[in-house]
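Coordinate inspection notes
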Amino acid sequence: MNAVAPIDQTLIPAHLTGQDGRNRSHARSQVAADNDRSAVLAWLARYADTPTTLASYRKEAERLLLWCVHQRGLAMSSLTHEDLLMYERFLADPQPAERWVMTVRQRPGRDSPYWRPFAGPLSSTSQRHALSIINAMFSWLVEAGYLAGNPLSLGRRKRRVGPRQTNRFLPHEHWDEVKTTIQAMPMGTGREQAHAARCRWLFSLLYVGGLRVSEVTSGSMGGFYSQRDRAGIERWWLEVTGKGDKSRIVPATAELMAEFMAYRRANGLSALPASGENRPLVLPIIGKEKPLARSAVHEVVKGIMRATAVRLRARGSEWEAAAMQIEAASTHWLRHTAGTHMTDAGLDVKAVRDNFGHATISTTSIYVHSEDDARHDATQAAHKIGWAPR
């Protein structure tokens, strides 16, 4: 059975290119693309200034195109609603696995013969995420005049859950368990010591700084700098580049600076970086000082979460719920956790907005949980209609 290669290395048969797709629009197209792959590239070009979004969208578009060529035998622009239902089931179990699913633990590069589009079956959440991206792509291609209609628009519409319902954060007691795991990591060998130091520093960046994973992987230690105000008080800051290639400065608190200096010393470096130092924020344990890949950061975080869940389950069945939540936590959960804990502590929501690089207060408001409870209690106590007893 032929292995699946990346779409840019795949020779697509003429009848599958989409030049004569059944769903092609006969109206005047607003894009120059005359085949499906070119149309997808035109859509992706809109996200060139947001690398994280681009990578996510490109992955889902590539999976669909490869499925069309290797599994369905139809051009993307010939897909029907029924075809997309088949694709949804495929995402839940990509078969045959030897064609679609990677078999090595470390994700190989796109030029490797071991590369595959999937690391395994997608969870229900990941399936919804994938289809929402494809739906957005189809909608844009319709708007651009490339497709006549969106075959996903016929799907059963589910009630939209507002952003204030988010629960992708760890409550304080679960966060304390994660910290306990990190602080109890083995230190018997040099490698264990380096790994423990890196975990503690990485979690400090993600929680104290509230950084996105892309900001961790692209940032450098030279991004730390200090300023003194008129009263002579020195404050440290960390400059990072976030969404849309926008720079922002994050308060490097005394606690974060202490962790930073300890991490540098653990790696045989001076306590503070030289001006303009381009050393990565998080260092590899072995090899050259190159930035960690996003997948490596995610794996470090998931490793700590899994270890914490194992430790909690060993205490007894009453800890299963906590273990399940912590085990589900991802790198981005730490950002939600940081924002939630900031608002819990009474930090002004505008300060949280600026720390996190949010465009609006409404985005930051997803972290406000306990304030809503307090508002409910205050309203109940103070605002009454005062009917007479029956």
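Residues numbered from 1 in each chain as written. Predicted model: local features only at pLDDT ≥ 70, side-chain atom pairs only at ≥ 80, totals over all residues. Heavy atoms only, no water.

**Quick notes on the overall build of the protein chain**
Along the protein chain, the regular secondary structure elements total 15 helices and three strands. The proportion of buried residues among the 390 residues of the protein chain is 43%. Pairs at least 24 residues apart make up 63% of the contacts formed inside the protein chain by residues separated by at least 6 positions. Carbon together with sulfur atoms contributes 52% to the accessible area of the protein chain, which is approximately 22,000 Å² in total. (Helix = DSSP H or I, 4+ residues; strand = E, 2+ residues; numbered from the N terminus. Buried < 20%, exposed > 50% of the residue type's maximum accessible area, 1.4 Å probe, protein only. Contact = heavy atoms within 4.5 Å. Areas by Shrake-Rupley, 256 points an atom, 1.4 Å probe, with all protein chains shown as cover.)

**A closer look at the pairing of strand β1 (residues 224-228)**
Put simply, side chains in a regular strand alternate between the two faces of the sheet. Sheet topology places β1 next to strand β2 (residues 234-241); five bridges connect them, and they run antiparallel. Bridge assignment links Tyr225 to a residue of β2, and that residue is Trp237. Where β1 hands over to β2, the hairpin turn is made up of five residues, of which Gly232 adopts a positive phi near 85°. (Pairing = 2+ DSSP bridges.)

**A short note on the pairing of β2**
As paired strands, β2 and strand β3 (residues 247-252) are joined by six bridges and run antiparallel to one another. Looking at the pairing, Trp236 lines up with Ala252 of β3. Following β2, the chain reverses through five residues before pairing antiparallel with β3; Gly244 in that reversal takes a positive phi of roughly 65°.

**Overview of the sheet that holds β1**
The strand order across the open sheet formed by three strands is β1-β2-β3, and the pairing between neighbours is antiparallel. The two strands at the open ends of the sheet, each matched to only one other strand, are β1 and β3. The mean inter-strand angle of the sheet, taken between neighbouring strand axes irrespective of direction, is 40°. Contacts between helix α9 (residues 254-266) and the sheet are confined to β1, β2 and β3, with β3 contributing the most and set at about 90° to the helix. (Axes fitted to C-alpha atoms, helices over the stretch in contact; angles between N-to-C directions.)

**A look at the side chain of His174**
Within the secondary structure layout, His174 lies in helix α6 (residues 172-183). Engagement of the side chain of His174 in a polar contact is seen with the side chain of Gln325, the distance being 2.4 Å. Sequence-distant contacts of His174, that is, excluding residues within four places in its chain, are made with Ala322, Gln325 and Ile326. (Polar contact = N/O pair within 3.5 Å; in protein donor to acceptor, adjacent residues only side chain to side chain.)

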